[in-house]
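Residue-level structural notes
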Amino acid sequence: MQKSIIRHSLLVLCSLALVGCSSVFKSQEDKTQGWTADQLYQEARDNVRASEWKSASQHLKAVETRFPYSSQAQQALIDQAYVYWKDDEPEQATAAINRFLALYPNHPGTDYMLYLKGLVTFTPPSAFLSSYTGQDPSERDPKGLRQSYQAFNELITRFPDSRYAHDARARLTWLVSTIAENEVNVAEYYYKRDAYVAAINRSQAVIRDFSGVQAAERALYIMMKSYEKLGLTEQANDAKRVLDQNFPDSKYYARGLDGDKHWTDMFKPASWFNN
């Protein structure tokens, strides 16, 4: 009798388990099975409008996977890059952009993808906080800024009349100034640690590689002071002469390197960081 009860209990448990599994499988059933490329893409667009980035990404991937040779697949990859960017996944966004540029080098949307590639690395994750914390954006790792520069520069070089070219040029101007400021920050770092040769090399790189930037004033001052510390009077006088020619009455004569840099005057386009 006891064995019979145990056997009956096991059968009941197995039946319940099967019912549970069946309900799980039903809940995991893909509702988009059998959908056309247009249906999948439209659903993804609806997700984007609702800022449902994960769902949008799933539907865009489905378009690419199920209809790899369709026009919708090309557009889905463009949108996928955008969705990754909005979902704070810059590495995946960049990977999607690079894949698109490799697959469709002559696509009409190439200029947009280059523009988006610039936007992805234009602002590191914490950059928007600089306006609140007072952190100079040029003091961050410039790797992302350089990548952004390369993308925007390629855009305006290849597509000078693109609808995105005007904004890209404005961003390039800011990027050049910010990258130059970063180089001068490094030069000042070396100078304050008595590494005068390294400070001179960094300062010279700013003068050589960045034309017309405000950071050149500080670079020339650091160069002059570094030569003075090394006892190289002639070179120091040459640096001073160039400094006086380009920045008469330089503020650094009065303030020195510990004076305010007023980097916020350069960091004006806050709306750029609210895309």
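The following refers to the structure shown. Each residue is numbered by its place in its chain's sequence as written, counting from 1. At least 70 in pLDDT is required for a residue's local features to be given in this predicted model, at least 80 for side-chain atom pairs to be given and counted, and no such filter applies to totals for whole chains, interfaces and linings, which use all residues. Based on all heavy atoms of the structure, the side-chain values leave hydrogens and waters out of the count.

1. Observations regarding the side chain of His-59
Tracing the backbone through its elements, the reader meets His-59 in helix α3 (residues 53-66). Each residue's exposure class comes from its accessible area (1.4 Å probe, protein chains only) as a fraction of the maximum for that residue type: buried when under 20%, exposed when over 50%, partly exposed otherwise. The class for His-59 is buried, based on a relative accessible area of 10%. Polar contact is the term for a pair of N or O atoms within 3.5 Å; when the atoms are in protein, one must be able to donate a hydrogen and the other to accept it, and sequence-neighboring residues count only if both atoms are side-chain atoms. Reaching out from His-59, the side chain makes a polar contact with the side chain of Asn-47 at a distance of 2.8 Å. By definition in these notes, contact holds between two residues if any of their heavy atoms fall within 4.5 Å. Apart from residues lying up to four places away in sequence, His-59 is in contact with Thr-32, Leu-40, Glu-43, Ala-44 and Asn-47. Note on conventions: DSSP H or I runs of at least 4 residues are helices, E runs of at least 2 residues are strands, and numbering of each starts at the N terminus.

2. Notes on unusual backbone geometry
Positive phi is not limited to glycine here, since Ser-51 has a value of about 60 degrees. Within the secondary structure layout, Ser-51 lies in the loop between α2 (37-49) and α3. Look at Ser-51 and you get partly exposed, because its relative accessible area is 43%.

3. Some remarks on α3
Expected span of a helix: the number of residues minus one, times 1.5 Å. With 14 residues, α3 extends 20 Å between its outermost C-alpha atoms, agreeing within 8% with the 20 Å of an ideal straight helix rising 1.5 Å per residue. Turning to α3, its buried residues are Trp-53, Ala-56, Ser-57, His-59, Leu-60, Ala-62, Val-63 and Glu-64. Tucked inside the fold, the buried residues of α3 contact α2, α4 (71-86) and α5 (90-103).

By themselves these figures say nothing about function.
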